[in-house]
Amino acid sequence: MSKNWFFALAFLASCQSKLPELVLEQLDTIQLATSTLKVEVLADSLNVPWDLEVDSEGFLWIAEQEGKVSRINLQTGEQRYLLQIPEVWKVRTSGLLGMVSHPDFSKNPFLYLNYTVKNDSLIRSKLVRYTYKGDTLMEPKVLLEIEGGTSHNGSRLAFGPDGKLYWATGDKHDYTYAQNREKLNGKILRLNPDGSIPADNPDPNSAVWAWGFRNMQGLAFSSSGLLYTSEHGDAIEDEVNLIQKSGNYGWPAIEGKQDLSAELEFAAANQTIEPIRSWTPVIAPAGMTYYGSEAIPEWKNTLLLTTLKGKSLRILFLSADGQSIPSEEILFENRYGRLRDVAEGQDGAIYLSTSNQDWNPQPGFPLPGDDKILKISPTQRQSTNSISPVKATEVVALDGKQLYQSYCASCHKADGAGVEGVFPALAKNPLVSGDPKPLIELLLQGKTSANGAQAMPAFSFLDNREAAEILNYIRSAWGNPSSPISSTQIESLR
Ligand code: HEC
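Because the structure is a prediction, the values reported are computed rather than measured. (Residues numbered from 1 in each chain as written. Predicted model: local features only at pLDDT ≥ 70, side-chain atom pairs only at ≥ 80, totals over all residues. Heavy atoms only, no water.)

J.: Help me understand the side chain of K311, please; the structure alone is not making it clear to me.
T.: Along the polypeptide, K311 turns up in the loop between β20 (302-307) and β21 (313-317). E333 provides the closest opposite charge to the buried, unpaired K311, separated from it by 7.9 Å. K311 has contacts with F332, E333, N334, G337, R338, Q362 and F365, leaving out every residue within four places of it along the chain. (Helix = DSSP H or I, 4+ residues; strand = E, 2+ residues; numbered from the N terminus. Buried < 20%, exposed > 50% of the residue type's maximum accessible area, 1.4 Å probe, protein only. Lys, Arg positive; Asp, Glu negative; His and termini not counted. Salt bridge = Lys/Arg side-chain N within 4 Å of Asp/Glu carboxyl O. Contact = heavy atoms within 4.5 Å.)

J.: Please explain unusual backbone geometry as it appears in this structure.
T.: In this structure, S155 follows G154 across a cis peptide bond, with omega equal to 10°. Looking at where S155 falls in the secondary structure, it is placed in the loop between β10 (136-147) and β11 (156-159). With omega at 0°, the peptide bond leading from D370 into D371 counts as cis. Locating D371 in the fold gives a position in the loop between β24 (350-354) and β25 (373-378). Non-glycine residue S45 carries a positive phi angle of around 55°. Following the sequence through the fold, S45 ends up in the loop between β2 (36-43) and β3 (49-54). Phi is positive for K428, close to 50°, though the residue is something other than glycine.

J.: Would you take a moment to explain the site of the ligand for this structure?
T.: Near the ligand there are 23 residues, and of these C408, C411, H412, N429 and M456 occur at the shortest range. Between the ligand and N429, the relevant distance is 2.8 Å, taken from an oxygen atom to a side-chain nitrogen or oxygen of the residue. A distance of 3.0 Å separates an oxygen atom of the ligand from a polar side-chain atom of K447. Contributing elements (two or more residues each) for the shell around the ligand: α4 (409-412), α5 (430-433), α6 (436-445), β28 (455-456) and α7 (464-476). (Near = heavy atom within 4 Å. Polar contact = N/O pair within 3.5 Å; in protein donor to acceptor, adjacent residues only side chain to side chain.)

J.: Would you take a moment to explain the sheet that holds β3 for this structure?
T.: Strands in a sheet are paired, the pairing made by backbone hydrogen bonds, and the direction either parallel or antiparallel. Reading across the sheet, the four strands line up as β3-β4-β5-β6 and stay open at both edges, with antiparallel pairing between neighbours. The sheet terminates laterally at β3 and β6 (79-84), the two strands that pair on one side only. Pairs of neighbouring strands in the sheet enclose a mean axial angle of 20°, with direction left out of account. Note that β3 and strand β4 (residues 60-64) share five bridges and pair antiparallel. The residue bridging D51 from the neighbouring strand is A63, located in β4. (Pairing = 2+ DSSP bridges. Axes fitted to C-alpha atoms, helices over the stretch in contact; angles between N-to-C directions.)

J.: Would you mind showing me how to read the coordination of the iron atom of the ligand here?
T.: For a metal with four tetrahedral donors the ideal donor-metal-donor angle is 109.5 degrees, whereas six octahedral donors ideally subtend 90 or 180 degrees. For the iron atom of the ligand, the full set of protein donor atoms is H412 (NE2) and M456 (SD), at a range of 2.0 to 2.2 Å. Seen from the iron atom of the ligand, its six donor atoms lie at angles of 86 to 179°, and the figure they make is octahedral. Taken together, the residues H412 in helix α4 and M456 in strand β28 connect sequence positions 44 residues apart. Looking at M456, the relative accessible area reads 21%, which means it is partly exposed. (Donors = N, O, S within 2.8 Å, 3.2 Å for Na, K, Ca; no water. Tetrahedral: all angles 85-135°; square planar, octahedral: opposite > 155°, others 65-115°.)

J.: What is the right way to read the sheet that holds strand β22 (residues 327-331) from this model?
T.: Taken in spatial order, the five strands line up as β19-β20-β21-β22-β26 in an open sheet, and their pairing is antiparallel. Looking at strand neighbours, the two that pair on one side only are β19 (285-291) and β26 (390-391), the edges of this open sheet. The pairing of β19 with β20 spans five bridges and is antiparallel. Bridging from a neighbouring strand, Y291 pairs with T302 of β20.

J.: Help me understand the pattern of salt bridges in this model?
T.: Pairing between side chains of opposite charge can happen when their charged atoms approach one another. Applying the stated criterion to the full structure yields 25 salt bridges. The salt bridge involving E78 is made with R80; its shortest N-O contact spans 2.8 Å. Owing to a relative accessible area of 38%, E78 belongs among the partly exposed residues under this scheme. Owing to a relative accessible area of 38%, R80 belongs among the partly exposed residues under this scheme. Among the salt bridges present, the one from E145 reaches R124, with a minimum N-O distance of 3.0 Å. Here R124 lies in strand β9 (residues 122-133) and E145 lies in strand β10, a separation of 21 residues in the sequence. Among the charged side chains, a network of salt bridges with common partners joins D51, R156 and D341.

J.: I tried to follow α7 on my own but got confused; where do I start?
T.: Residues spaced three or four apart along an α-helix face the same direction, because each turn holds 3.6 residues. The terminal C-alpha atoms of α7, which comprises 13 residues, lie 18 Å apart, in line with the 18 Å expected from a rise of 1.5 Å per residue. Where the residues of α7 are buried, they touch α3 (400-407), α5, α6 and α8 (487-492). The backbone nitrogen of R465 has a side-chain oxygen 3.3 Å away, supplied by the residue at the start of α7, namely D463. (Expected span 1.5 Å × (residues − 1).)

J.: Any chance you could explain the pairing of β21 here in plain terms?
T.: When a strand is regular, its side chains alternate between the sheet's two faces. The buried count for β21 comes to five of five residues, which makes it a mostly enclosed element. Residues of β21 alternate between two faces, with L313, I315 and F317 on one and R314 and L316 on the opposite face, all of them buried. Bridge count between β20 and β21: five bridges; the pairing is antiparallel. Across the sheet, the residue bridging to T306 is L313, located in β21. Hairpin connection of β20 to β21: five residues between the antiparallel strands, including K311 at a positive phi of 45°. Two elements, β21 and β22, share five bridges in a ladder whose sense is antiparallel. Along β22, the bridge assignment pairs R314 with I330.

J.: I tried to follow the side chain of E329 on my own but got confused; where do I start?
T.: Inspection of the secondary structure assignment puts E329 in strand β22. In terms of polar contacts, E329 uses its side chain to reach the side chain of K391, at 3.3 Å. Excluding anything up to four places from it in sequence, E329 contacts L313, R314, I315, F317, P389, V390, K391 and A392.

J.: Would you mind showing me how to read the confidence of the model for the protein chain here?
T.: Detailed reading of predicted coordinates is not advised where the pLDDT is low. Averaged over all residues, the pLDDT of the protein chain is 91; the fraction at 70 or higher stands at 94%. Per-residue pLDDT stays below 50 along residues 1-16; that stretch engages in two contacts with residues further than four places along the chain or on separate chains. (pLDDT = per-residue confidence, 0-100.)

J.: Explain the domain arrangement of the protein chain to me, please; I cannot follow it from the model alone.
T.: One widely used convention gives an interface's size as the accessible area the parts lose upon coming together. Domain annotation of the protein chain identifies domain 1 (19-393) and domain 2 (397-492). Counting from both sides, the interface comprises six residues of domain 1 and, opposite them, 12 residues of domain 2. The contact between domain 1 and domain 2 buries some 710 Å² in all, and 65% of this surface belongs to carbon and sulfur atoms. For the domain 1 face of the interface with domain 2, the top three residues by lost area are D259, L260 and T280, together amounting to 55%. The interface formed by domain 1 and domain 2 includes zero salt bridges. Scanning the region where domain 1 abuts domain 2 turns up zero residue pairs in polar contact (both at pLDDT 80 or more). (Domains from an automatic or database assignment. Buried area = accessible area lost by both parts, 1.4 Å probe.)

Printed below as a string of structure tokens:
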């Protein structure tokens, strides 16, 4: 074929109003109440695609943890590598961790990136603005630089409907930072797009917008302008928070719901805000997006949340006012492995990134071709072996042993032996096999240890059946001889 002939064909193709449908490898079919969806592989052989972002021109941006940035044309599937940032320091959970494009990208072709650097022993976390010009990223401009750490660097970036740039920073694993408003770690920061501080911030001289955070992994605005975060708890209580200006979210004095007596005291003194959802056992929530499209009507007005430990996509159904999450569904559990981020395309398609090449690979993963970008979109073709989401409450009807594994074994160990000097042994423990009353009270109220270092969390969120199942398990396992406890006894001590 002559060159001219080729160009003529290409020209003809580009003149056609409708582009030929992109043909991708299909992995699964999902059946919802009425919609049928397909899951396809948009891109593969990536290395920990930590952040996904669809710009206002409808292109998908991918930021890989090692510092690589690429852009995919979602009409043609063409992928272009645009940038490798040489100074990115990637170890475990540090690296290129945050990305957002300017909301009016055609006019302001700016891509904002956050990444970790290390010079000698000094670790820093940088917010840098790049300009997209001539199909490349150039003119890096450092907008803000904060302290970094070997872990808990956050981070996510998002633009609000107010045109401001929001940055969710990690506490860099320093327990003094999140409550210290002089420090920019463990905060939601708010900046003008040029990096200057907005005059209507809580303190016009500070980027701090809200504080008291541990290590946020998701940051998303709803269509009505509400800001949500997802955050990793410590051993328990992962969170989703609804962010308010000048809000104190309690970390490290408060973890998850305010249920320990020390937490209640701190909450009263500091007017802290509770998460709208918390998970124990932990699921390691990661990237999150607000889904507002009609393309998948069942999911309209939800937060889509990827999870790492949970290896699933969580569909969090928001109340009409967006203030609470009345229900939750789980999809893809263990199917594609760890999921790192999620983004919504302009046509309502959903893009997910896997994270099976990261520092914490799970048994059975990575799968061939990992890491991948998966595309979820409506299809007309039904399938006989489709998968469906599961209601989150339906999967937690566990027996005593399973409940113990989920809630207690991380500290007291599966064999009840505990950890010497830190977590007491429950096997052959007189408190466990003795009078039910102090045992039930301890379970419901928790207890801070004498030296204050470790705490037995309060488990009042368990229902009576679950609490009784757990206590009967620890009272009969490991040779503990004792009488059974009933749900009624639990109820009477709440
Ligand atoms: C995050 C770690 C952690 C988790 C999870 C945890 N505990 Fe504990 N637990 C502790 C600590 C710390 C203490 C000791 C508190 C103290 O100093 O008295 C404790 C104490 C106890 C005691 C009293 C032991 C004694 O000799 O005083 C019992 C019983 C107990 N836990 C049961 C449970 C059960 C049942 C669960 C699960 C529902 C659970 N714990 C989950 C940390 C934990």
